[in-house]
Amino acid sequence: MSDDPFHEAVEALRALGRKVEPTGHDFVLWLVDGYECTDGELIALAHLFGLIDGPERTQ
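Predicted model only: the values in this text are computed from it and were never measured.

## A look at the environment of G50
Thought 1: Topologically, G50 is positioned in the segment after helix 2 (39–48).
Thought 2: A relative accessible area of 59% means that G50 is categorised as exposed.
Thought 3: Between the C-alpha atom of G50 and that of A12, which follows or precedes it by 38 residues, the distance is 9.6 Å.

Structural data, given as structure tokens:
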């Protein structure tokens, strides 16, 4: 996996079969299975599924 938590979360969610796409070039908003979420919510979702380790709160 990568040291980048967003890349790690995206790859882990995609491995589960989720469709994950950035909504723009700044990678702040994401579409996960058609639902918009922030970068923090993306990481929280990966934590919820137990896909990535890390601090409980991302700064």
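## Overview of the nonpolar core
Thought 1: With 12 residues, the main nonpolar core is built from A9, V10, A12, L13, V20, W30, V32, C37, L42, I43, A46 and I52.
Thought 2: Every element with two or more residues in this core is listed here: helix 1 (5–15), strand 2 (29–32) and helix 2.
Thought 3: The dominant element in this core, judged by the number of residues it contributes, is helix 1, at 4 residues.

## Focus on unusual backbone geometry
Thought 1: For D33, which is not a glycine, the phi torsion comes out positive at approximately 50 degrees.
Thought 2: Turning to its location among the elements, D33 is positioned in the loop between strand 2 and strand 3 (35–38).
Thought 3: Judged by relative accessible area, which is 35%, D33 ranks as partly exposed.

## What to know about the pattern of salt bridges
Thought 1: With the rule as written, the count across this model stands at 3 salt bridges.
Thought 2: A salt bridge links R14 to E11, with the shortest nitrogen-to-oxygen separation between them at 3.6 Å. Taken together, the residues span about one helical turn, with R14 and E11 both in helix 1 at a distance of 3 residues.
Thought 3: With relative accessibility at 37%, the residue R14 sits in the partly exposed group.
Thought 4: Among the ionic pairs, E21 bridges to K19, the shortest N-O distance being 3.9 Å.

Definitions and cut-offs
- Residues numbered from 1 in each chain as written.
- Predicted model: local features only at pLDDT ≥ 70, side-chain atom pairs only at ≥ 80, totals over all residues.
- Heavy atoms only, no water.
- Helix = DSSP H or I, 4+ residues; strand = E, 2+ residues; numbered from the N terminus.
- Buried < 20%, exposed > 50% of the residue type's maximum accessible area, 1.4 Å probe, protein only.
- Core = buried A, V, L, I, M, F, W, Y, C linked by side-chain atoms within 4.5 Å.
- Salt bridge = Lys/Arg side-chain N within 4 Å of Asp/Glu carboxyl O.

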